[in-house]
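Coordinate inspection notes
Letter by letter, the chains look like this.
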Amino acid sequence: MKNPVAGAFRALSIFNFRVWTAGTLVSNTGTWMQRVAQDWLVLTQLTHHDASALGIVMALQFAPQLLLLPWTGLAADHFNQRKLLMVTQATMGVLALALGILTIAGSIQLWHVYLFAFLFGSAAALDAPVRQTFVAQLVGDEHLHNAVALNSTSFSIGLMVGPAVAGLMIAKVGTGWAFVINGLSFAAVLISMSLFRVSELYTSTRARRAAGGFLEGFHYVWARQDLRAILVMLFLIGTFGFNFPIFTSTMAVKVFHTDARGFGLLSSVMAVGPICGALISAGRNKPKFGTLFVGSAIFGVGCTLAALAPGYWWFAAALVVIGISALVLTNATTSMMQLSTEPDMRGRVMALRLAVVLGGTPIGAPIVGWVANHYSPRWALGVGASSGFVAALVAAYVLKREAQASQELTE
């Protein structure tokens, strides 16, 4: 009988993936420290609880996912991914250090945060599709789904540790030091990539040069009903549901009146959900549309419970539900889109996926921020809940079409 625990961690038997996971765990912790510090800086130090300003920061940070889409996927398919990742990771580290120095010096202004958000987002837009498709070079297609889930576990552990540490650091020594630590944390990824056994990379699973350009990738996705449906679902939830910095910060400050430590703790509690969801995904077989339906529906329920939460800890419990569903949903879409895509198209397909799930933020974040300002953070969560329920309807439609097609084949 197979050991289910060992099966859930099977990708870690590969040396390159173990080294990569160790480096990204450190970097993910720093990244979440910066995200919490940035939200707190904008919401409490540079403005007076202005959720719209926070929405603008999010919009600027994720707009490059759309603006640079014609180039990011091509870069992932054409260039040496390991070397490209080293450049993007180093760039983000330098930007974090510069933001930290400005903040510690007391010279930081709101427009500085806007500018750094856009620059950081530009580097991340190039980094993200490369990083996601690079996993296939580390483990091969056989362990890809498991590796994606374990990557998400690492990301979620960073989400658990980073915000709590950031909250304590902000309270004790100030916001700027969280940015500095994040800048230094990128060194862990650079060191891990320098230790790779290059000869053991699964380069044969990907084409060295991609035929055609961005439009070919778009036409490839559009010709596939399953990929189109996934992108529609991701657009709905990514645009109106994945605005967690707005949800948690405004509920913490405006509704529950907590300090930086209370805000950081909420973000850490939310990580319990993704860790559970990642481990569930790691131990399962390849996901199907039924997984997307369940994940979207539970996401809607979780946001509804959070909107109705009568107290701080009830809200924290609802965040766990949201975290589990969001992680299961994003992991399933990542695996389904990569495993059903030709190797020489993966970079462009994953860039398009990221552009949809994150590029919708410039549209949704200002809207959700405006709702939180003019109505209440609870109504903003209601918008997120609606996105989950509508996405579940899309998945239900695909499942119905699949059932009809199967029935026609058997008749």
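Look a little higher up for the structure.
Residues numbered from 1 in each chain as written. Predicted model: local features only at pLDDT ≥ 70, side-chain atom pairs only at ≥ 80, totals over all residues. Heavy atoms only, no water.

A tally of helices and strands in the protein yields 19 helices and 0 strands. Burial status across the protein gives 57% buried among its 411 residues. Long-range contacts, defined here as pairs at least 24 residues apart, represent 89% of the contacts in the protein between residues at least 6 apart. As presented, the protein carries roughly 16800 Å² of accessible surface, and 69% of it is formed by carbon and sulfur atoms. (Helix = DSSP H or I, 4+ residues; strand = E, 2+ residues; numbered from the N terminus. Buried < 20%, exposed > 50% of the residue type's maximum accessible area, 1.4 Å probe, protein only. Contact = heavy atoms within 4.5 Å. Areas by Shrake-Rupley, 256 points an atom, 1.4 Å probe, with all protein chains shown as cover.)

Following the sequence through the fold, Q89 ends up in helix α6 (residues 81-104). Residues contacting Q89, with those up to four places away along its chain left out, are S27, D127, R131, F186, V189, L190 and M193.

Another point: the nonpolar core. By size, the foremost hydrophobic cluster in this structure holds 85 residues, and its most contacted members are F244, F289, L292, F299, F315 and I322. Counting residues per element, this core draws most heavily on helix α16 (residues 312-339), which supplies 11 residues. Counting only domains with at least three residues in this core, you end up with domain 1 (11-196) and domain 2 (213-410). Ranked by size, the runner-up nonpolar core spans 22 residues in total, among them V130, L138, V148 and M193. (Core = buried A, V, L, I, M, F, W, Y, C linked by side-chain atoms within 4.5 Å. Domains from an automatic or database assignment.)

For the rest of this paragraph, the subject is the side chain of T330. Its place among the elements puts T330 in helix α16. With a relative accessible area of 18%, T330 lands in the buried category. In this view, T330 contacts F242 and R353; residues no more than four positions away in its chain are not counted.

Here we come to the packing of helix α2 (residues 15-46) against helix α12 (residues 244-255). Relative orientation of the contacting elements α2 and α12 amounts to 50 degrees, with a least axis distance of 11 Å. Considering the angle they form, α2 stands oblique to α12. The way α2 lies across α12 gives a crossing that is right-handed. Across the interface between the two elements, D39, W40 and L43 of α2 pack against P245, S249, T250 and V253 of α12. (Axes fitted to C-alpha atoms, helices over the stretch in contact; angles between N-to-C directions. Parallel < 35°, antiparallel > 145°, perpendicular 65-115°, else oblique. Left-handed = near helix turned anticlockwise from the far one by under 90°.)

A separate point is the environment of I230. Summarising the element assignment, I230 is placed in helix α11 (residues 225-240). Residue I230 is classed as buried on the basis of its relative accessible area of 2%. Remark: the alpha-carbon pair of I230 and L292, spanning 62 residues in sequence, is separated by 8.5 Å. I230 has contacts with F289, L292, T333, M336 and M337, leaving out every residue within four places of it along the chain.

At a closest axis distance of 7 Å, the pairing of helix α8 (residues 144-172) and helix α13 (residues 260-270) adopts a crossing angle of 175 degrees. Comparing the axis directions of α8 and α13 gives the class roughly antiparallel. The segment α8 lies against α13, with L159, M160, P163, A164, G167, L168, I170 and A171 engaging A260, R261, G264, S267, S268 and M270. Of the residues in the contact of α8 with α13, the class split is 9 nonpolar, 4 polar and 1 charged. (Nonpolar A, V, L, I, M, F, W, Y, C, P; charged D, E, K, R; others polar.)

Turning our attention to unusual backbone geometry. With phi around 55 degrees, H257 is a residue other than glycine that occupies positive phi space. Secondary-structure assignment places H257 in the loop between α12 and α13.

Below, the discussion takes up a nonpolar patch on the surface. Taken together, the side chains of L25, I157, M160, V161, V165 and V272 define a hydrophobic patch exposed on the protein surface, amounting to about 370 Å² of accessible area. The dominant element in the nonpolar patch, judged by the number of residues it contributes, is α8, at 4 residues. The residue V165 is located in helix α8 in this model. Take V165: its relative accessible area is 33%, and that puts it in the partly exposed class. (Patch = residues over 30% accessible without salt bridge, like charges linked within 9 Å, V, L, I, M, F, W, Y side chains within 5 Å. Salt bridge = Lys/Arg side-chain N within 4 Å of Asp/Glu carboxyl O.)

With that out of the way, let us pick up the packing of aromatic side chains. This structure, assessed with the given rule, holds 9 aromatic pairs. Residues F242 and F299 carry aromatic rings whose centres are separated by 5.6 Å and whose planes lie at 75 degrees to one another, so their mutual orientation is edge-to-face. Placement of the pair is F242 in the loop between α11 and α12 and F299 in helix α15 (residues 289-308), with a sequence separation of 57 residues. Across the pair, exposure class does not vary: F242 and F299 are buried alike. Here the aromatic rings of F244 and F299 are separated by 6.4 Å at their centres, their planes lie at 65 degrees, and the arrangement is edge-to-face. Taken together, the positions of F244 in helix α12 and F299 in helix α15 put the pair 55 residues apart, joining distant regions of the chain. As far as burial versus exposure is concerned, F244 and F299 are alike and both buried. Within the aromatic cluster, the residues linked to one another by ring pairs are F256, Y312, W313 and F315. (Phe/Tyr/Trp six-rings, centres within 6.5 Å; stacked < 30°, edge-to-face > 60°.)

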